[in-house]
Amino acid sequence: MIRLVDVSKEFKTKDTKIKAADRINLEIKDGEIFGIIGFSGAGKSTLVRCINLLERPTEGKVYLDDLELTSASKKELLKARRNIGMIFQQFNLLEQKSVIENICYPLLISGVRKKEALTRARQMLELVELTEKENSYPSQLSGGQKQRVAIARALATNPKYLLCDEATSALDPLTTRNILELLETINKKLGVTIVVITHELKVVEQICDRVAVMSNGKIEEEGKVEEIFLSPKSETGRKLVLPDSNSGAAPTRDYLRIVFDGQSSFEPVFANLISELGIKLNILGANTEDIGGKAYGQLLIERPDESNVKKVRDYLDKTKVSFEEVFVSKEVISA
Amino acid sequence: MNIKIINLLITGIGETFYMVVASTVISYILGIPLGVLVYATDKNGICQNSFVNRIVGLVINLVRSVPFLILLVAILPFTRAIVGTTIGSSASVVPLVVAATPFVARMVEASLKEVNHGVVEAAQAMGSTGWQIISKVLVPEAKPSLLVGMTIAFTTILGYSAMAGFVGGGGLGAIAVNYGYYRYQTKVMLITVALLVLIVQIFQEGGLKLASYIDKRIKR
Ligand SMILES: Nc1ncnc2c1ncn2[C@@H]1O[C@H](COP(=O)(O)OP(=O)(O)OP(=O)(O)O)[C@@H](O)[C@H]1O
Ligand SMILES: [Mg+2]
């Protein structure tokens, strides 16, 4: 379990002070994949770096299981860090060392003998499916392959926790999906607790169990991914989930938001709705993805007149599809 | 040109090599720890210590700002205390090392600064101690750049060694001064200059080639 209690981090620059993390309270349970999402500058990296004390909080306490890291001795901290793997957006591999040497590094510094380290490193390479690249150098690998090596390296010492700071942000969508699948496997098979930092909703959707929405150094809301995706309560949450009203992509009329959060993608929900109710519905926008036979995303349809809204509502309730009514006129007034 | 001069030049080359190689090696033995110290104690470094950083930085800058010829003369008593004489190639090594060490320290510091900070951070996140980061991450990652620095240091020391020839040091510099300057034998002087140029070329080229050969960031 990772527990943050009233953690704050203040950066002092020449003339200003920035509170990058502001009285954060968070509990990450063993075995879960926890997401931290927010826009750039929200303080996500700062927060995750406070967990392994790469950044020392100016206030508050950080606990790893029963150990309070913020008051641990240097030796205890180093030992604790070996129990927390970390991967980064820019991979951060040792560029003058080969793939296998990179994976051996954390083992060798923790006193494992060379021969055993090599055996273990090869097992890790197998896990990330890169055995043929054992003797390559990072410069000879693609971004996705580099991240796989970074994952193998982070997990070589068999840590209980893995922190991922924008681990897929430098990768294309397909590679992103592969890496996320790998992370999911690691979570399921090895039982590693994973903390995922991202600004992309689809990353959270695909692998996280719970998520915290962050903005201005504060956690605005926190909960199960389905809940937040279905009905985001905080302003940042709504900005992330609802279509962006600044980009012009958002509907200007009232609409219904039908949310797909993992139903079978083989079921034609929308087509059934229309044919069964026999009403004409106008699609305003759609953003859905099929991930492993499951549908994720949302479908926006123009709000029909009141009697038809009721029909749609009843039908969706009956088929257990989540939806939300969004009133644009009201939002404009409140904004 | 007679045999005597040829022998003289051969001895000169040998002495120059001895002086320059010995000085480079010793100033690296002293300069690497010094450079690492300045790098590590800098703000945001791996063991910040602004007091140590300022003191060491000040000493380095002080020595570096003294012109070599003046330094050479100023530390004559020190030189005599160490090698017992102030004349000859061995005596030149002392001022060369004193002048080159701070220079080397700055070169080492610059090379270490080139190492991507993210890599250092990743090593910290894996629970590396400060010493492990220095010995297993920073120095190996900076190796190609350190090697380039070394070729630059070598040529600079070679230039200094010729100056040492003016005040009783040995090597090609002394020959150029004794024959070209005091005896007006321009030909001998030109030959020594050509030899110096050749040595610089060989080391410069060789050093850079080797640096790029060992650099794994270059795709091949
Ligand atoms: N070392 C530092 N010194 C001063 N300010 C900093 C430092 N690190 C971060 N900040 C500031 O803290 C705030 C949060 O930064 P942080 O990197 O945690 O954001 P982020 O949510 O990770 O953003 P991104 O998605 O762009 O990575 C920013 O305003 C940033 O400028
Ligand atoms: Mg960040």
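Owing to the predicted nature of the structure, the values given are computational and were not obtained by experimental measurement.

What counts and how
- Residue positions are given per chain, counted from 1 along the sequence in the order it is written.
- Each chain takes a letter, starting from A, and each ligand takes a number, starting from 1, following the order in which they are written.
- Only residues with pLDDT of at least 70 are given local features in this predicted model, and only at 80 or more are side-chain atom pairs given and counted; all residues enter the totals for whole chains, interfaces and linings.
- Excluded from the side-chain calculations are hydrogens and water; all other atoms, namely the structure's heavy atoms, are used.
- One heavy atom within 4 Å of a molecule or strand makes the whole residue count as near it.
- Polar contacts, as counted here, are pairs of nitrogen or oxygen atoms within 3.5 Å of one another; within protein the pair requires one atom able to donate a hydrogen and one able to accept it, and residues that are adjacent in sequence qualify only if both atoms are side-chain atoms.
- Numbering of helices and strands starts at the N terminus; helices are DSSP runs of H or I of at least 4 residues and strands are runs of E of at least 2.
- Every residue pair with non-hydrogen atoms within 4.5 Å of one another is taken to be in contact.
- Note on terms: buried area is the combined drop in 1.4 Å-probe accessible area of two parts once they are placed together, counting the loss on both.
- Within this document, salt bridges are pairs made up of a side-chain nitrogen of Lys or Arg and a carboxyl oxygen of Asp or Glu, the two lying within 4 Å of each other.
- The rule for pairing is simple: two strands pair if DSSP sees at least two bridges between them.
- Per-residue confidence from the predictor is reported as pLDDT, which spans 0 to 100.
- Each aromatic pair joins two rings of Phe, Tyr and Trp (for Trp, the six-membered one) with centres within 6.5 Å, and gets the label stacked for planes under 30 degrees apart, edge-to-face for over 60, and tilted for any other angle.
- Working definition: with a 1.4 Å probe on protein chains only, accessible area under 20% of the residue-type maximum means buried, over 50% means exposed, and in between means partly exposed.
- Each domain's limits were defined by an automated method or a database of domain assignments.
- As a rule, the C-alpha atoms of each element are fitted with a line to give its axis, helices using only the stretch in contact, and angles between N-to-C directions run from 0 to 180 degrees.
- Patches draw on residues past 30% relative accessible area with no salt bridge. Two like charges within 9 Å are joined, as are two nonpolar side chains (Val, Leu, Ile, Met, Phe, Trp, Tyr) within 5 Å.
- Shrake-Rupley sampling with a 1.4 Å probe provides the accessible areas, and residues are treated as covered by the protein chains on show and by no other component.

Asks: How would you explain the site of ligand 1 if you had to name every residue and give the values?
Replies: All names here are of chain A. What surrounds ligand 1 is the set Phe11, Ile18, Ala20, Phe39, Ser40, Gly41, Ala42, Gly43, Lys44, Ser45, Thr46 and Glu166. Ser45 places a side-chain nitrogen or oxygen 2.7 Å from an oxygen atom of ligand 1. Put simply, the parts of the chain that give the shell around ligand 1 at least two residues each are strand 2 (17-28) and helix 1 (44-51). Ranked by the residues each element gives to the shell around ligand 1, the list is headed by helix 1, at 3 residues.

Asks: Quick one: what's the story with the interface of chain B and chain A, residue by residue and with numbers?
Replies: Taken together, the contacts link 24 residues of chain B with 22 residues of chain A. Here chain B meets chain A over a buried area of about 2200 Å², counting both sides, of which 55% is carbon and sulfur. It is Ala125, Met126 and Lys216 of chain B that lose the most area in chain B upon contact with chain A, and together they represent 30% of the buried surface on that side. Where chain B meets chain A, there are 1 salt bridge.

Asks: Talk me through the sheet that holds strand 5 (residues 67-68) of chain A; I want residue IDs and the actual numbers.
Replies: All names here are of chain A. Read from one edge of the open sheet, 4 strands run 2-1-4-5, paired in antiparallel fashion. On the outer flanks of this sheet lie strand 2 and strand 5, each paired with one strand and no other. Alignment of strand 1 (residues 2-12) against strand 2, held across 8 bridges, turns out to be antiparallel. By the bridge assignment, Leu4 is partnered in strand 2 with Leu26.

Asks: Before we move on, can you summarise the confidence of the model for chain A with the specific residues and values?
Replies: Across chain A, the average pLDDT comes to 89, with 94% of residues at 70 or higher. Here helix 12 (residues 328-334) of chain A stands out as the least confident element of chain A, with mean pLDDT 53; helix 3 (residues 99-109) of chain A is the most confident, with 97.

Asks: Provide a residue-level description of the packing of aromatic side chains, including the pertinent values.
Replies: Residue and element names in this part refer to chain B. Within this structure, the stated rule accounts for 3 aromatic pairs over all chains. Measuring from centroid to centroid gives 5.8 Å for Phe17 and Phe203, while their planes differ by 50 degrees, and the two rings are tilted. Highlighted residues: Phe17 in helix 1 (residues 3-41) and Phe203 in helix 9 (residues 186-214), separated in sequence by 186 residues. Judged by its relative accessible area of 30%, Phe17 falls in the partly exposed class. For Phe203, a relative accessible area of 29% puts it in the partly exposed group. Ring plane angle 15 degrees and centroid distance 3.9 Å describe the contact between Phe154 and Phe203, whose orientation is recorded as stacked.

Asks: I'd like to hear about the domain arrangement of chain A, residue by residue, with values.
Replies: Residues and elements named next belong to chain A. For chain A, the assigned domains read domain 1 (2-234) and domain 2 (242-334). Between the C-alpha centres of domain 1 and domain 2 the distance comes to 35 Å. Opposite the 9 residues of domain 1 that make contact, domain 2 presents 12 residues. Considering only the side of domain 1, the residues that lose the most area to domain 2 are Arg177, Phe229 and Leu230, jointly responsible for 54% of the buried surface there. Applying the counting criterion to the domain 1 and domain 2 interface returns 0 salt bridges. At the junction of domain 1 and domain 2, the tally comes to 2 residue pairs in polar contact (both at pLDDT 80 or more). Elements with a contribution of two residues or more to the side of domain 1 that touches domain 2: helix 7 (201-207) and helix 8 (225-230).

Asks: Lay out helix 6 (residues 117-125) of chain B in plain terms, naming residues and giving numbers.
Replies: All names here are of chain B. Most of helix 6 sits out of view: 7 of its 9 residues are buried. The complete set of buried residues in helix 6 reads Gly118, Val119, Val120, Glu121, Ala122, Ala123 and Ala125. A side-chain oxygen of the first residue of helix 6 lies 2.8 Å from the backbone nitrogen of Gly118; this N-cap is Asn116.

Asks: Please give an account of the sheet that holds strand 8 (residues 193-198) of chain A that cites residues and values.
Replies: All names here are of chain A. Strand order in the open sheet formed by 6 strands is 6-7-8-3-9-10, with mixed pairing between adjacent strands. The open sheet has two edge strands with one neighbour each: strand 6 (84-88) and strand 10 (218-224). With direction set aside, neighbouring strand axes in the sheet form an average angle of 15 degrees. Against the sheet, helix 5 (residues 143-155) engages strand 6 and strand 7 (161-165), with an angle of about 165 degrees to strand 6.

Asks: Any details on unusual backbone geometry? Residues and values, ideally.
Replies: All names here are of chain A. Backbone geometry at Leu53 places phi at a positive 60 degrees, although glycine is not the residue there. Within the element layout of this structure, Leu53 appears in the loop between helix 1 and strand 4 (59-64). Looking at Leu53, the relative accessible area reads 6%, which means it is buried. With a phi angle near 65 degrees, Phe91 is a residue other than glycine that sits in the positive phi range. Relative to the elements of secondary structure, Phe91 occurs in the loop between strand 6 and helix 3. Among the residues examined, Phe91 registers a relative accessible area of 9% and is labelled buried.

Asks: Could you give an account of a nonpolar patch on the surface, with specific residues and numbers?
Replies: Residues and elements named next belong to chain B. On the surface, Leu69, Val73, Leu76, Met163, Phe166, Val167, Tyr181 and Tyr182 cluster together into a nonpolar patch covering about 740 Å² of accessible area. Elements represented by at least two residues in the nonpolar patch include exactly helix 3 (68-74) and helix 8 (171-182). For Met163, the position within the fold is in helix 7 (residues 130-164). A relative accessible area of 31% means that Met163 is categorised as partly exposed.

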